[in-house]
Number of protein chains: 2
Amino acid sequence: MQQDRSAPAGVSRRGRPRSFDLDVVTAAALRTLWTKGYETTSIEDLVQATGLAPSSLYAAFGSKQGVLEAALARYDRDREDLLAPLERGSGGLDDLRRFLSSIRHSLTQSDGPGCFMVNTATEVAPRDDRIAERANRYRERVRDGIAAALGRAAARGELALQDAEDITGRARLLQAAVYGVQVAARGGATEEALATVDALRRQVEQWAGEAVQLRDRQPEDR
Amino acid sequence: MQQDRSAPAGVSRRGRPRSFDLDVVTAAALRTLWTKGYETTSIEDLVQATGLAPSSLYAAFGSKQGVLEAALARYDRDREDLLAPLERGSGGLDDLRRFLSSIRHSLTQSDGPGCFMVNTATEVAPRDDRIAERANRYRERVRDGIAAALGRAAARGELALQDAEDITGRARLLQAAVYGVQVAARGGATEEALATVDALRRQVEQWAGEAVQLRDRQPEDR
DNA sequence: CTATTTCTGGAGTGAATGCTCCGTAATGAT
DNA sequence: ATCATTACGGAGCATTCACTCCAGAAATAG
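Just so it is clear, the model here is predicted, and its values are computed rather than measured.

Q: Which parts of the structure should I look at to understand the packing of aromatic side chains?
A: Each aromatic ring pair is specified by the distance between its two centres and by the angle formed by the two planes. Inspection of every chain in the model, using the stated rule, returns eight aromatic pairs over all chains. Aromatic pair W34 of chain A and F116 of chain A: ring centres 6.3 Å apart, planes at 45°, arrangement tilted. On the criterion of sequence distance, the pair formed by W34 of chain A in helix α1 (residues 22-36) and F116 of chain A in helix α7 (residues 116-123) is long-range, its members being 82 residues apart. Judged by centre distance (6.0 Å) and plane angle (50°), the rings of Y75 of chain B and Y138 of chain B are tilted. One end of the pair, Y75 of chain B, is in helix α4 (residues 64-78); the other, Y138 of chain B, is in helix α8 (residues 129-155), and 63 residues separate them in sequence. Pair check on accessibility: Y75 of chain B and Y138 of chain B agree, each one buried. The structure contains a cluster of three or more aromatic residues connected by ring pairs, namely W34, Y75, F116 and Y138 of chain A. Positioned above the aromatic ring of Y38 of chain A is the side chain of K64 of chain A, whose terminal nitrogen or guanidinium carbon lies 4.5 Å from the ring centre.

Shown next, in the form of structure tokens:
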């Protein structure tokens, strides 16, 4: 199997340099795999999408699985804007609200694709440990990001919690529900997906409302 | 394309009768498609799983897609025990609790498969309208079943609801979360899937607790 | 019984698959 | 300029794919 021979950044290498931008090619491959699915995408499809010859594709990625891994890594990186505010945002519940708004927005933009990680997790994770690990790490990242935002919200008094267990539990609930929304979206049920996100938002506001009720009812405890 | 020539029940037909049980064969095909996925399953795999020759397989199902449709129909039927109590049960929240317990139990039994409908929805629904419709109908069935149970619970006073919208919203939330759990399970994250179901159960109990609080706090309203 | 209909299973179809080989082009190092 | 090294692209590899054909077997109708 051939290896990716791309140079470490800044180090000039002998021989003919590659004539394409690996990032651009990876993005094109991601788009194709996302919409068509892994098995249904042929090398010919990737050749057309990237404009590369088969041999160049294999020189760069090693195998079809290699293309998938690169696409997953790229997807991970592209989701930084979505997840970083959850993980390290300065807001509490607002960070979570913005997250759900972003999810909602993405549903109206892309038609069919759903979430690349969700699609890949169900299609290829069961028979590829490396892919499974990546998909699981991403899912945990979403869950932990939501939990972090919930934790900040609790610290601000925006949530009424009985114990720390509640944060993890609610984060798990939201993460799972968001994944479920992506399944519906992938199946073409955009309206239902949107309505479900709205239901999630209402649940979050209900959690917030409990904290307000608690404050109003027991002001002496402040 | 050949058609399924199976006779209507009770009507004897001329010619050599088929020597296999269509139900048994469909069940075997379902099992294979469920664990391996649609694209990864070859006709050869189905031949080995069912014990039928390719031509008999095609005589019975017409095409590989036909096998998938039959398997989905079979899956639908097999889920009757799970969904009927939700839809037409005599309990309220208890029906929902039993549903979640069943989901939880199935996670510890099967390793890897997840939910056949979820897997199929993400893998083949985007490029096959018939499959997409079937997957969407199933998803709506789960949602409406949960909503029906929640409705009965509300009628019994087990839930405190502001409006009818709440029932649909909560049903959507639960349905999506259950689907998300299946994605995690398909990825091999059984422990996480179990923990998420537990979180869902706690959320349901919290909803129930609100109703109790409301009763205790405003007994004059009864 | 005979005639007819249907099913069975194995061999085999063309097409598509993932992947590789190799001659040539293009670059950097010397 | 020369050489070493790498990338490019098209032709082509063996294999696998979903699917079909056909000759024989097995059943029922009359």
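Okay, back to it.
Q: What is the right way to read the interface of chain A and chain B from this model?
A: As a measure of interface size, the accessible area lost when the parts come together is often cited. Counting residues at the interface gives 40 residues for chain A and 40 residues for chain B. Note on chain A versus chain B: buried area summed over both sides is about 3400 Å², and carbon and sulfur give 57% of it. In terms of surface lost to chain B, no three residues of chain A exceed T122, L173 and E192 of chain A, which account for 16% of the buried area on that side. Applying the counting criterion to the chain A and chain B interface returns six salt bridges.

Q: Help me understand the protein's contact with DNA strand C in this model?
A: Looking at DNA strand C, there are 25 residues lining it, with I43, Y58 and K64 of chain A together with R16 and S55 of chain B nearest. Backbone atoms, meaning sugar and phosphate, form 72% of the atoms of DNA strand C found within 4 Å of the protein. T41 of chain A is positioned with one of its backbone polar atoms (N or O) 3.3 Å from a phosphate oxygen of DNA strand C. S19 of chain B is positioned such that a nitrogen or oxygen atom in its backbone is 2.9 Å from a phosphate oxygen of DNA strand C. When residues of the surface near DNA strand C are assigned to their parent elements, the largest contribution, three residues, is made by helix α3 (residues 54-61) of chain A. Residue composition of the surface near DNA strand C, grouped by class: seven nonpolar, ten polar and eight charged.

Q: So what exactly am I meant to see when it comes to the environment of V25 of chain A here?
A: Relative to the helices and strands, V25 of chain A resides in helix α1. Leaving out residues up to four positions away in the same chain, V25 of chain A has contacts with F20, T50, L52 and F61 of chain A.

Q: I keep staring at the relation of the copies chain A and chain B and nothing clicks. Help me out?
A: Superposing the two chain copies requires a rotation about an axis and a translation along that axis. Relative to chain B, chain A is turned by 180° and slid 0.0 Å along the rotation axis, the superposed coordinates differing by an RMSD of 0.0 Å. Classification of the inter-copy transformation places it as that of a two-fold axis. The position closest to the rotation axis in chain A is occupied by the C-alpha of A177 of chain A, lying 1.9 Å away. Of all interface residues in chain A, 100% are interface residues in chain B too; the two copies therefore contact each other through one and the same surface.

Conventions we followed
Residues numbered from 1 in each chain as written. Chains lettered and ligands numbered in written order. Predicted model: local features only at pLDDT ≥ 70, side-chain atom pairs only at ≥ 80, totals over all residues. Heavy atoms only, no water. Phe/Tyr/Trp six-rings, centres within 6.5 Å; stacked < 30°, edge-to-face > 60°. Helix = DSSP H or I, 4+ residues; strand = E, 2+ residues; numbered from the N terminus. Buried < 20%, exposed > 50% of the residue type's maximum accessible area, 1.4 Å probe, protein only. Lys NZ or Arg CZ within 6 Å of the ring centre and 35° of its normal. Contact = heavy atoms within 4.5 Å. Buried area = accessible area lost by both parts, 1.4 Å probe. Salt bridge = Lys/Arg side-chain N within 4 Å of Asp/Glu carboxyl O. Near = heavy atom within 4 Å. Polar contact = N/O pair within 3.5 Å; in protein donor to acceptor, adjacent residues only side chain to side chain. Nonpolar A, V, L, I, M, F, W, Y, C, P; charged D, E, K, R; others polar. Least-squares fit on C-alpha atoms with pLDDT ≥ 70 in both.

The analysis is restricted to geometry; functional conclusions fall outside its scope.
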